[in-house]
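Chains, contacts and geometry: an overview
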Amino acid sequence: MKISIIGSGYVGTVSAACFAELGHEVICIDIDEEKVRQINAGIPPIYEEGLEELMQKHAEHHLIATSDYDYAVANSDVSFICVGTPSGDDGSIDLSIVRAASASLGRVIAKKDGYHIVVVKSTVVPETTEKVVLSTIEEYSGKRAGKDFGIAMNPEFLREGKAIYDFMHPDKIVIGAIDKRTSVIVSELYRSLDCEITHTNPKTAEMIKYVNNSFLATKISFSNEIGNICKKLGINTYEVMQAVGTDFRISKSFLNSGAGFGGSCFPKDVKALIGKAKDIGYDPILLKSVIEVNEHQPLEMIKLLKAKLGDLTGKKIAVLGLAFKNDTDDIRESRSIPVIAELLRLGADVTAYDPMASDEMKKVFNNITYHISAAGALKDADACLLMTEWDEFRNLDSEFGLMKDSVVIDGRHMIVLEDIEQDIDYVGLCW
Ligand code: NAD
């Protein structure tokens, strides 16, 4: 089929490359001309394992990019909206980009003969697809949903760092369409994937995405709270969660206590659901606590650091890991951001290393020293904070010997003391 994909960020680019790999003709639309140029040259605008190979394979043939909505919509049957849905000032969802993309689509659908389908893949709070996207397209096109064009909501569940694998091996595909005709056409796009499809209405599809992310975020904050209690009691929370996770009703995943969750989705999505709940007159007590625990958790790292070093003024602190998780250069809502901000506020001298994300972090902090190796950041440091679970940090050993005072505060449960020869003053965040 012929698909256009609006927005070439993580979700848009990965979806475009994967749909091309599944045999569809794909046109990416972005307002960022640089991204358009990169995609047409087969260069991924974001880092994601396996993405470059797919883009090189399909660029110029089954995968092209443009900033021209007219061309893209005229030459496709289905348009996916994959633009960003950031948090507004009060944490609730900012739909201005979705509105702008819907208006652009409406203007060109007005000129198109034949049935065009618009699928919302951006994460949007319940009722957005019908009350914002559908109504904006109707307003700008002068056409009727269900008669002249179709509308569906098809949330994306991919994990950054494993995005290609997740797209190609989904555990669920959810299609919330306004009618059967649209639902059937959108399902066709995924026909070659081995996955059952949940067919529902748009607002249920929207809610499924929020519940999925909010539940995972809740598991993490729950584990962190239990971890903080365990720490005070001298109990290893990992031993506790290992046993608790054997209960099939709970499962072992997302029970790892540590410095908290970041990224472009969990914090934003939980806050958006809180905002939506408040809008409809419900106070979401549990969801608010999930965010509160997550905001507190990085500061627990600083508390442990101060307990070891006292006043941090002039102390050299190495922060290892800047990306919000391993295998990505994405630093959005990374827990290392509040940690670095607090270290600077307390007068510390911060050195940092990340295998991929230093360039991104330079845009946030230009007053810390970035190194190209963990050894560089650790040299002469008074203490080190492990913030991201990069595999290479698991192999650190002699590098700790370069530190002035080898206090290591592990925010991700990565160091196994028995496996390292270097004598370090190790502190686990919750264990
Ligand atoms: P992103 O910010 O990385 O990319 C958005 C892209 O849209 C940018 O390239 C931007 O230039 C482009 N854009 C902005 N306005 C536009 C317009 N009017 N027309 C065309 N293009 C426009 O966003 P992302 O991380 O890919 O997320 C997109 C959506 O998917 C969000 O709703 C997000 O919550 C959701 N989501 C993200 C992930 C993830 O892991 N990143 C996973 C699942 C769902």
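Residues numbered from 1 in each chain as written. Predicted model: local features only at pLDDT ≥ 70, side-chain atom pairs only at ≥ 80, totals over all residues. Heavy atoms only, no water.

Notes on the sheet that holds strand β7 (residues 173–177)
In space, the eight strands of this open sheet follow the order β3-β2-β1-β4-β5-β6-β7-β8, with mixed pairing throughout. What marks the edges here is a single partner per strand, and that holds for β3 (63–66) and β8 (197–200). Between one strand and the next, the sheet's axes are offset by a mean angle of 25°, whatever the strand orientation. As defined by bridge partners, strand β2 (residues 25–29) adjoins β3 across four bridges and the pair is classed as parallel. The partner of I29 across the bridge, within β3, is T66. (Pairing = 2+ DSSP bridges. Helix = DSSP H or I, 4+ residues; strand = E, 2+ residues; numbered from the N terminus. Axes fitted to C-alpha atoms, helices over the stretch in contact; angles between N-to-C directions.)

Some remarks on the domain arrangement of the chain
As a measure of interface size, the accessible area lost when the parts come together is often cited. What the domain assignment reports for the chain is domain 1 (2–200) and domain 2 (202–431). Of note, the centres of domain 1 and domain 2, computed from C-alpha atoms alone, are 32 Å apart. Of the residues lining the interface, 30 residues belong to domain 1; the matching set on domain 2 comes to 25 residues. In total, domain 1 and domain 2 occlude about 2400 Å² of area from one another, counting both sides; carbon and sulfur atoms represent 59% of this. Summed over the shared surface of domain 1 and domain 2, the number is three salt bridges. (Domains from an automatic or database assignment. Contact = heavy atoms within 4.5 Å. Buried area = accessible area lost by both parts, 1.4 Å probe. Salt bridge = Lys/Arg side-chain N within 4 Å of Asp/Glu carboxyl O.)

A look at the sheet that holds strand β12 (residues 383–386)
In any sheet, the strands associate via hydrogen bonds between backbone groups, in a parallel or an antiparallel arrangement. Strand order across the open sheet formed by six strands is β11-β10-β9-β12-β13-β14, with parallel pairing between neighbours. Both edges of this open sheet fall to β11 (369–370) and β14 (425–428), since each of them pairs with a single strand only. With four bridges joining them, strand β9 (residues 316–320) and β12 adopt parallel strand pairing. Within β12, the residue paired with L320 across the bridge is L386.

What about the site of the ligand?
In the vicinity of the ligand, 27 residues are found, and the nearest of them are D30, K35, Y69, T85 and K268. Y10 is positioned such that a nitrogen or oxygen atom in its backbone is 3.0 Å from an oxygen atom of the ligand. Here a nitrogen atom of the ligand and a side-chain polar atom of S264 are 3.3 Å apart. About the coverage of the ligand: the protein hides 88% of its 840 Å² of free accessible area. Looking at which domains feed residues into the shell around the ligand, each of domain 1 (2–200) and domain 2 (202–431) gives three or more. (Near = heavy atom within 4 Å. Polar contact = N/O pair within 3.5 Å; in protein donor to acceptor, adjacent residues only side chain to side chain. Areas by Shrake-Rupley, 256 points an atom, 1.4 Å probe, with all protein chains shown as cover.)

What about the environment of V186?
Within the fold, V186 resides in helix α8 (residues 180–189). As a C-alpha pair, V186 and M153 span 33 residues in sequence and 9.7 Å in three-dimensional space. Apart from the residues lying within four places of it in its own chain, the contact partners of V186 are I117, V119, A152 and I175.

Points about the packing of helix α9 (residues 202–233) against helix α12 (residues 285–309)
Where α9 meets α12, the closest approach of the two axes is 9 Å, and the angle between their N-to-C directions is 45°. As summarised for this structure, α9 and α12 are arranged oblique, according to the angle between their axes. The two elements α9 and α12 cross, and the hand of that crossing is left-handed. Contacts from S214, A217, T218, S221, N224, E225, N228 and K231 in α9 reach L286, L287, V290, V293, N294, H296, Q297, E300 and L304 in α12. When its residues are assigned to classes, the contact of α9 with α12 shows six nonpolar, eight polar and three charged. (Parallel < 35°, antiparallel > 145°, perpendicular 65-115°, else oblique. Left-handed = near helix turned anticlockwise from the far one by under 90°. Nonpolar A, V, L, I, M, F, W, Y, C, P; charged D, E, K, R; others polar.)

Regarding the pattern of salt bridges
Overall, the coordinates contain 28 salt bridges when judged by the stated rule. K162 serves as the salt-bridge partner of D327, at 3.6 Å between the closest nitrogen and oxygen. On the criterion of sequence distance, the pair formed by D327 in the loop between β9 and α13 (336–345) and K162 in the loop between β6 (149–153) and α7 (163–168) is long-range, its members being 165 residues apart. Residues K308 and D425 are paired through a salt bridge, measuring 3.1 Å at the closest nitrogen-oxygen approach.

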